[in-house]
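One-letter residues, chain by chain:
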Amino acid sequence: MNTENPTTSAMRSRKRIIKRITTRSLNLIGHCVPSFIWKNLQDIYIYSPRKKALGIDSGFAPLFNSVLFEVRTRCNGTCPFCAASTQFEKRKDTIMPKALYIKVINELKNERYKGRIAYHVNNDPLLFPDLPEFVKYARTNLPSAWIQILTNGKLLTETIADRLMSAGINELTINLYSDDLGLQMSEVLDKIREKIIPQYYQEKQIQHGYGPGIGNTKIFRFNVFRQKLNVVKSSRAGTAPNKRIKSRYPRGFCEHPFTQFNITADGRVAKCCADFYFSDPMGNLKEQSVMEIWNEERFQNVRKVLLEGNRDSIETCRKCDYYGAKEFSRFGNLIRLCTQ
């Protein structure tokens, strides 16, 4: 079993204390600065550079780089910040039909798609019994795609890991949610790292971190991230159980409708992963093709509004305080920390 020596544990504890003090200090600074100043700083140092990096500053929307399948509308987690947790779940338990999944993969094949394929939106993919079969079909038809499994690991076994590796995944990321960040990892994770993964990849090919996501299937990412359970995160478009009121700070542009294609089990497509109930669908893949939905006027109007930084005109966006960008410069990250 993976254990942590006392010195390492003490260092982690000190880092957490320093981070907590730094965050609180930055929050105090944030409260002293008027909102309109933060809005201008965000536009200049966060949103404008991110739009340029994505190639969308002119309004053009390239093909999405992530397709997320919500293969079953269920999670077995108990996270207080997520409406999919067992104590908050209100959705009907729905499983994605195989025929629908095959239709989407075939359409992505026609587009020569090379981005990320994942099996989560607001769910845990290991609750879906046909996951290895779905992964295998994607790998066969999308040889250059980056296939990611992101899970809380509660149902992860050596057998399941081996089946997923054999099917062709590129990444296995486990988020271990617990308030005890010093908790020992299970023997299963050690065995997967030491016995299962080396059957498929050499040591130099096994790396840590996300991605790369575009056309590189010669490495394998294996991540185990310890996450605090009782935390407050974003408002998730008003659906986060422990954060009904969004941040007081302004939010503008959001990249999700330019980069994500989120599909729930009944075929509806959301503009982003924060629309938990898919309450404002951009279309339905039972009736339309992937590219029809992606290029349709409804999706385009959402992008236009967000490019202008006007979240208030879209109900779900108005309630959401997700920052809207995944990557930040050092100064941009400082602004983000001040305006959480």
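Residues numbered from 1 in each chain as written. Predicted model: local features only at pLDDT ≥ 70, side-chain atom pairs only at ≥ 80, totals over all residues. Heavy atoms only, no water.

(A) Quick look at the pattern of salt bridges. Following the criterion strictly, the structure yields 16 salt bridges and no others. Ionic pairing is found between Arg 72 and Asp 93, a salt bridge with its closest N-O pair at 2.7 Å. In this pair, Arg 72 is assigned in the loop between β1 (66-69) and α3 (98-110) and Asp 93 in the loop between β1 and α3, connecting sequence segments 21 residues apart. In this structure, the salt-bridge partner of Glu 89 is Arg 91, at a minimum N-O distance of 2.8 Å. Like Glu 89, the residue Arg 91 is buried in the burial classification. (Salt bridge = Lys/Arg side-chain N within 4 Å of Asp/Glu carboxyl O. Helix = DSSP H or I, 4+ residues; strand = E, 2+ residues; numbered from the N terminus. Buried < 20%, exposed > 50% of the residue type's maximum accessible area, 1.4 Å probe, protein only.)

(B) Structural detail: the sheet that holds strand β2 (residues 116-118). Ordered by their spatial adjacency, 9 strands build an open sheet running β5-β6-β4-β3-β2-β1-β7-β8-β9, and the pairing between neighbours is mixed. Strand pairing shows two members of the sheet lacking a second neighbour, β5 (206-207) and β9 (283-284), which therefore form its edges. Contacting β1, β2 and β7 (260-263), α3 runs over the sheet at an angle of about 175 degrees to β1. (Pairing = 2+ DSSP bridges. Contact = heavy atoms within 4.5 Å. Axes fitted to C-alpha atoms, helices over the stretch in contact; angles between N-to-C directions.)

(C) The side chain of Glu 89, seen in detail. Among the structural elements, Glu 89 can be located in the loop between β1 and α3. Polar contacts involving the side chain of Glu 89 include one to the main-chain amide nitrogen of Arg 91, which spans 2.8 Å. Once residues within four sequence positions are removed from consideration, Glu 89 is found in contact with Thr 73, Arg 74, Ala 83, Ala 84 and Phe 276. (Polar contact = N/O pair within 3.5 Å; in protein donor to acceptor, adjacent residues only side chain to side chain.)

(D) The arrangement of the environment of Cys 317 in detail. One can find Cys 317 in helix α10 (residues 315-318). With relative accessibility at 11%, the residue Cys 317 sits in the buried group. Here Cys 317 is in contact with Lys 271, Leu 306 and Arg 311, once residues within four sequence places are set aside.

(E) Looking closely at the environment of Lys 195. Residue placement: Lys 195 occurs in helix α6 (residues 187-196). For the pair formed by Lys 195 and Glu 158, sequence separation is 37 residues and the distance between their alpha carbons is 8.9 Å.

(F) Here's a closer look at the confidence of the model for the chain. Here the chain averages 90 in pLDDT, while 89% of its residues score no lower than 70. The model gives residues 1-5 a pLDDT under 50, and that stretch makes 11 contacts with residues more than four places away or in other chains. (pLDDT = per-residue confidence, 0-100.)

(G) Up close: the pairing of strand β3 (residues 146-151). Across the 6 residues of β3, 5 count as buried, placing the element largely inside the fold. In terms of strand pairing, β2 meets β3 through 3 bridges, oriented parallel. Within β3, the residue paired with Ile 117 across the bridge is Ile 147. With respect to chirality, the unit in which β2 leads through helix α4 (residues 131-141) into the neighbouring parallel β3 is right-handed. Pairing analysis gives 4 bridges linking β3 to strand β4 (residues 171-177), with the strands arranged parallel. (Right-handed = clockwise from strand over helix to strand, strands pointing away.)

(H) Just the state of the cysteines, in detail. Summed over all chains, the structure comprises 0 disulfides. Cysteine Cys 79 is unpaired, with the sulfur of Cys 82 as its nearest cysteine sulfur at 6.5 Å. For Cys 79, a relative accessible area of 9% puts it in the buried group. (Disulfide = S-S within 2.5 Å.)

(I) Focus on unusual backbone geometry. A positive phi angle is found at Arg 112, which is not glycine, with a value near 55 degrees. Positioned with a positive phi, Arg 236 is a non-glycine residue whose angle comes to about 50 degrees. Residue classification places Arg 236 among the partly exposed positions, given a relative accessible area of 21%.

(J) Main features of the nonpolar core. Membership of the largest hydrophobic core comes to 56 residues, with the highest contact counts inside it found for Phe 69, Leu 108, Ile 117, Tyr 119 and Phe 261. The element best represented in this core is α3, accounting for 5 residues. Every residue in contact with Phe 261, bar those within four places of it in the chain, is listed here: Phe 64, Ser 66, Val 67, Leu 68, Val 269, Leu 285, Val 290, Ile 293 and Trp 294. (Core = buried A, V, L, I, M, F, W, Y, C linked by side-chain atoms within 4.5 Å.)

(K) Broad picture of the packing of aromatic side chains. Counted under the stated rule, the structure contains 19 aromatic pairs. Through a chain of ring-to-ring contacts, the aromatic side chains of Tyr 47, Phe 253, Phe 258, Tyr 323 and Phe 328 assemble into a single cluster. Just above the ring of Tyr 249 sits the side chain of Arg 248; from NZ or CZ to the centre is 4.7 Å. Directly above the aromatic system of Phe 328 lies the positively charged group of Arg 336, at a separation of 5.2 Å from the ring centroid. (Phe/Tyr/Trp six-rings, centres within 6.5 Å; stacked < 30°, edge-to-face > 60°. Lys NZ or Arg CZ within 6 Å of the ring centre and 35° of its normal.)

(L) Broad picture of the packing of α4 against helix α5 (residues 158-167). At a closest axis distance of 8 Å, the pairing of α4 and α5 adopts a crossing angle of 15 degrees. Of the possible angle classes, the one that applies to α4 and α5 is roughly parallel. Note that α4 runs across α5; the crossing there is right-handed. Seen from α4, the contacting residues are Leu 131, Pro 132, Val 135, Lys 136 and Arg 139; seen from α5, they are Arg 163, Leu 164 and Ala 167. Class assignment of the residues belonging to the contact of α4 with α5 gives a composition of 5 nonpolar, no polar and 3 charged. (Parallel < 35°, antiparallel > 145°, perpendicular 65-115°, else oblique. Left-handed = near helix turned anticlockwise from the far one by under 90°. Nonpolar A, V, L, I, M, F, W, Y, C, P; charged D, E, K, R; others polar.)

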